[in-house]
Amino acid sequence: MNNELQARAAHVAAIRERAEAEMKAIGIDDAFIGNLVDTFYGRILAHPELGPVFDARLSGRWPEHMAKMKSFWSSVAFRNGAYGGKPVQAHLGVANMTPELFPKWLELFAATLDDIAPNPEAKAWFMATAERIAKSLTLSLFYNPAIDDPALKQN
Ligand code: HEM
C-alpha cells in the first residue's frame, strides 16, 4: 500500500515537473497568467455583449472571480492542483448566456494574447486549451441532439 502511494506521488510529481518544463519553454509563468487574467477580464468588462453577462452574475464578487481564474489557469498550465472547482456547474444559469457568446469570448482572448503573449507558442497553447474547454462547455450547456439528427429538428 505504502509503495502504491509512493508510486502515485512520484507519478504526480513527474507530471507536474513535465508541465512546468513545457510551460517554461514557451515563456508561461505565474506572473504572465496574472497579467493575462487581469487584462482579459478588463477587456471582457468593456465588451458590449460579454461585459453585461459577466457583470450581472459577478457584481460584488469580481476579486474572488479573478483569483479563481488565476488558480484555474495555473492548474491547467502547471498541473499543480491549484483549482478544484466545477466549471460546468459554475456556468449553469448564467443569465443571457448563449452559444454565440463563446466565439466572441475566444476572439477577445486571441486578441488579448496577440497584444501580450510572450511569443506565438504561448498564444497557441492558451488558444488550443481555451478552444477545447469552450467546446466542452458549449456541448455540456447547450447540446441538443437536433443539431446532429435532422429527423429531430422541429419546424
Ligand atoms: C461566453 C463565454 C463565457 C461566459 C459568458 C462565461 C461566464 C462566466 C461567469 C459569469 C462565471 C462566474 C460564475 C459564478 O461564480 O457565479 C464564470 C466562471 C468561470 N469560467 Fe466562464 N464564461 C465563459 C467562457 C469560459 C471559458 C471558455 C472558460 C475556460 C477556458 C471559462 C472558465 C471559467 C472558470 C474556470 C470559472 C470559475 C468556475 C468556478 O466557480 O469554479 N469560462 N464564467
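Residues numbered from 1 in each chain as written. Predicted model: local features only at pLDDT ≥ 70, side-chain atom pairs only at ≥ 80, totals over all residues. Heavy atoms only, no water.

## Brief notes about the site of the ligand
Step number 1: What surrounds the ligand is a group of 23 residues, the closest being Arg57, Arg61, Lys68, Tyr83 and His91.
Step number 2: A distance of 2.8 Å separates an oxygen atom of the ligand from a polar side-chain atom of Arg61.
Step number 3: Between an oxygen atom of the ligand and a side-chain N or O atom of Tyr83, the distance comes to 2.6 Å.
Step number 4: Those elements giving two or more residues to the shell around the ligand turn out to be α3 (50-58), α4 (62-78), α5 (87-91), α6 (101-116) and α7 (120-142). (Near = heavy atom within 4 Å. Polar contact = N/O pair within 3.5 Å; in protein donor to acceptor, adjacent residues only side chain to side chain. Helix = DSSP H or I, 4+ residues; strand = E, 2+ residues; numbered from the N terminus.)

## A word on helix α2 (residues 30-46)
Step number 1: Here α2 is 17 residues long and its end C-alpha atoms lie 24 Å apart, about the 24 Å a rise of 1.5 Å per residue gives.
Step number 2: Contacts from the buried residues of α2 go to α3, α4, α6 and α7. (Expected span 1.5 Å × (residues − 1). Contact = heavy atoms within 4.5 Å.)

## Quick look at α6
Step number 1: Between the first and last C-alpha of α6 there are 23 Å, a value that for 16 residues agrees with the 22 Å anticipated at 1.5 Å per step.
Step number 2: Listed in full, the buried residues belonging to α6 are Leu101, Phe102, Trp105, Leu106, Leu108, Phe109, Ala110, Thr112 and Leu113.
Step number 3: For α6, the secondary structure elements touched by its buried residues are α2, α3, α4 and α7. (Buried < 20%, exposed > 50% of the residue type's maximum accessible area, 1.4 Å probe, protein only.)

## Considering the environment of Glu121
Step number 1: Residue placement: Glu121 occurs in helix α7.
Step number 2: For Glu121, a relative accessible area of 46% gives the class partly exposed.
Step number 3: With 96 residues separating them along the chain, Glu121 and Ala25 place their C-alpha atoms 9.3 Å apart.

## Thoughts on the packing of α6 against α7
Step number 1: Relative to each other, α6 and α7 sit at 170°, their axes nearing to 10 Å. Here α7 runs roughly antiparallel to α6, going by the angle between their axes. As for how α6 packs across α7, the hand of that crossing is right-handed. Together, Phe102, Trp105, Leu106, Phe109, Ala110, Leu113 and Asp114 of α6 and Lys123, Phe126, Met127, Ala130, Glu131, Ala134, Leu137, Thr138, Leu141 and Phe142 of α7 make up the contact between the two elements.
Step number 2: Grouping the amino acids of the contact of α6 with α7 by side-chain chemistry returns 13 nonpolar, one polar and three charged. (Axes fitted to C-alpha atoms, helices over the stretch in contact; angles between N-to-C directions. Parallel < 35°, antiparallel > 145°, perpendicular 65-115°, else oblique. Left-handed = near helix turned anticlockwise from the far one by under 90°. Nonpolar A, V, L, I, M, F, W, Y, C, P; charged D, E, K, R; others polar.)

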